[in-house]
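Examination of the molecular architecture
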Amino acid sequence: MRKYLLALLGACCLSFLQAQPRTDKFLKELIYKGASPSLQHILQHPDSFRYQLIYTQINRDARNVPHFRHYYLNVDADRYFNPASTVKLPIALLALEKLHELRIPGLTGHTPMLTDSSWSGQVTVHTDSTAENLLPSIYHYIKRIFLISDNDAYNRLYEFVGQQEIHERLWEKGYRRARIVRRFMPLNEEQNRHTNAIRFVDNGNSIYEQPAAVSTLQFDYSKPVTIGQGYLDKDDKLVPLPMDFTRHNKLPLEDLQQMLQSVIFPASVPARQRFNIDAADYHFLYQYMSQYPSETAWPKYDTAEYFDSYTKFFLFKGAGHRIPSYLRDFNKTGWSYGFLTDAAYIVDFKHGLEFMLTGNVYVNRDGILNDNKYEYEDDGYPFFRDVGKIIYEYELHRKRAHEPDLQSFRIRYGE
């Protein structure tokens, strides 16, 4: 009996230890030491702000091969955060991978892609006013995703890949905790399972036709996820209960960091974890992951609204924060329901430094969700700016055995 109790106690203790957020002393001390009073306030309330942070240090060897060391602060895959638009990163990568593996002559990222309505709630899209030729395409959708985090562009690529194929491909790559089951449209669970028929055409001739599809996958919703004290329903009426996120999209921070690393440094991850795309696709991704709306002719954006740091949270976010020309940020952000997330690879060509930061924070003082009253400006964006500044200052003074050759990330912008 005593052995049984000891074993049970040991199992309980192990479970408790495993449930603790992952924190490295080095990163905690570094962030706390440089924190402003507002950042200190957030750091001292991890349960309220639900923040998580991964700092990836990059060291090059004599052959310029990068080596990585990850440091964690309060990282917990079981602590849910709404990934919002960060799910657009894997969807864009999967769309390119699918296009590449179709291997159909004449079918490229520039080929016009026409989306038909095939099920309840679906939309027909045969034109794109933001494109120079007024026609939608996979490449143009991806441009819109990274330049301003466009929702419609994501919806069309979600439909091209298909809900079932999204998960089968991500699971094969080891991302079994990822769940991307929703478009950013007012659709129910069954409608999101169904994806549209799609045609690729060239001068009126059909190159490839994809039939409508339906996902038959069953997802594990056995662990309820609720957040907040109340929420506004579709009629803007207050429901005095926590909001249920159990069946929402899910993308743990560690998975998001690995997806970004697999794009920026594909050789650094196992072969099965890489996305099957070619060199032209990588160059295209690097350009639009780091390009600003002001540098883009198609689409043409109002830069008063879509300023250069519009989707650049770490170090830069804010209309008044000019980004120096020698800095570039290859990233994907997301913001929704009070959650802010950024996965970034930041390069300083002037000082020869590089690092990755992936993090999220939750800012919602009144605990009411879906009311568009979140402290993004007061707490959220300053969190990313302050954390980014601390890591950047550390990197400026950190000694390296070999200075990195960053020429492969120098890009000619303006298209």
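The shown structure was predicted, so the numbers you read here are calculated from the model rather than taken from an experiment. (Residues numbered from 1 in each chain as written. Predicted model: local features only at pLDDT ≥ 70, side-chain atom pairs only at ≥ 80, totals over all residues. Heavy atoms only, no water.)

Okay, the sheet that holds strand β5 (residues 198–202) next. Strand order across the open sheet formed by three strands is β3-β5-β6, with antiparallel pairing between neighbours. What marks the edges here is a single partner per strand, and that holds for β3 (113–115) and β6 (205–210). Strand-to-strand twist in this sheet, taken as the mean axis angle between neighbours without regard to direction, amounts to 25°. Of the pairings in the sheet, the one linking β5 to β6 comprises five bridges and is antiparallel in character. Note on β6: the bridge partner recorded for V201 is S206. (Pairing = 2+ DSSP bridges. Helix = DSSP H or I, 4+ residues; strand = E, 2+ residues; numbered from the N terminus. Axes fitted to C-alpha atoms, helices over the stretch in contact; angles between N-to-C directions.)

What follows covers unusual backbone geometry. A cis geometry characterises the amide bond from W298 onward to P299, with omega recorded as 0°. Relative to the assigned elements, P299 resides in the loop between α11 (279–290) and β12 (327–336). The backbone phi angle of L134 is positive, close to 65°, even though this residue is not glycine. Within the element layout of this structure, L134 appears in the loop between β3 and α6 (138–148). Although it is not a glycine, Y337 adopts a positive phi angle of roughly 55°. By the element assignment, Y337 lies in the loop between β12 and β13 (339–348).

Averaged over all residues, the pLDDT of the protein equals 94, while 95% of them reach at least 70. Ignoring residues within four places in sequence, the model shows residues 1–18, a span with pLDDT below 50, making zero contacts including any to other chains. (pLDDT = per-residue confidence, 0-100. Contact = heavy atoms within 4.5 Å.)

It is the contact of helix α5 (residues 88–102) with helix α7 (residues 151–161), at a shortest axis distance of 9 Å, that shows an interaxial angle of 45°. As judged from the angle between their axes, α5 and α7 are oblique. Here the hand of the crossing between α5 and α7 comes out left-handed. Only N151, Y154, L157, Y158, F160 and V161 of α7 make contact with α5, whose side of the interface consists of K88, I91, A92, L94, A95, K98, L99 and L102. Of the residues in the contact of α5 with α7, the class split is eleven nonpolar, one polar and two charged. (Parallel < 35°, antiparallel > 145°, perpendicular 65-115°, else oblique. Left-handed = near helix turned anticlockwise from the far one by under 90°. Nonpolar A, V, L, I, M, F, W, Y, C, P; charged D, E, K, R; others polar.)

Its location among the elements puts L238 in strand β10 (residues 238–239). When its relative accessible area of 52% is taken as the criterion, L238 is described as exposed. For L238 and L369, which are 131 residues apart along the polypeptide, the C-alpha to C-alpha distance reads 9.5 Å. Leave out the neighbours within four places in its chain, and L238 touches G230, Y231, L232 and I368. (Buried < 20%, exposed > 50% of the residue type's maximum accessible area, 1.4 Å probe, protein only.)

Along helix α8 (residues 163–172), the positions that sit buried rather than exposed are Q163, I166, H167, R169, L170 and W171. The inward-facing, buried residues of α8 contact α5, α7, α9 (189–193), β4 (194–195) and α10 (253–264). At the exit of α8 stands G174, carrying a positive phi of roughly 100°.

Taking 1.5 Å per residue as the helical rise, α5 with its 15 residues ought to reach 21 Å, and the 21 Å between its terminal C-alpha atoms agrees with that figure. Among the 15 residues in α5, twelve count as buried, and that is most of the element. Of the residues flanking the end of α5, it is R103, one or two places downstream, whose phi is positive at about 50°. (Expected span 1.5 Å × (residues − 1).)

Topologically, R183 is positioned in the loop between α8 and α9. Residue classification places R183 among the buried residues on the basis of a relative accessible area of 3%. A polar contact is formed between the side chain of R183 and the side chain of N196, at a distance of 3.4 Å. Residue contacts for R183: discarding those within four places in its chain leaves Q122, Y154, N155, Y158, E159, Q191, N192, H194, T195 and N196. (Polar contact = N/O pair within 3.5 Å; in protein donor to acceptor, adjacent residues only side chain to side chain.)

Of all the ten residues making up β13, ten are buried; the element is thus mostly covered by neighbouring parts of the structure. With burial as the criterion, each face of β13 is covered, one bearing F339, T341, A343, Y345 and V347 and the other bearing L340, D342, A344, I346 and D348. Of the pairings in the sheet, the one linking β12 to β13 comprises ten bridges and is antiparallel in character. When the sheet's bridge partners are listed, N331 is paired in β13 with A344. Between β12 and β13, which pair antiparallel in sequence order, lie two residues; one of them, Y337, sits at a positive phi of approximately 55°. As judged from the ten bridges shared by β13 and strand β14 (residues 353–362), these two strands associate in the antiparallel manner. Directly across from T341, in β14, lies its bridge partner N360. Connecting β13 to the antiparallel partner β14 that follows it, the hairpin turn spans four residues, and G352 within it adopts a positive phi of roughly 65°.

Okay, the environment of F313 next. On the secondary structure map, F313 appears in the loop between α11 and β12. Judged by its relative accessible area of 0%, F313 is buried. In the structure, F313 is positioned 36 residues away from I277 in sequence and 27 Å away in space, judged by C-alpha atoms. With residues near it in sequence (within four places) discarded, F313 still touches T333, G334, W335, L340, T341, D342, Y381, F384 and R385.

The next subject is the sheet that holds strand β9 (residues 230–232). The strand order β10-β9-β15 describes an open sheet built from three strands, whose pairing is mixed. This sheet does not close on itself; its edge strands, each paired only once, are β10 and β15 (368–369). Note that β9 and β15 share two bridges and pair parallel. Paired with Y231 across the two strands is L369, which belongs to β15.

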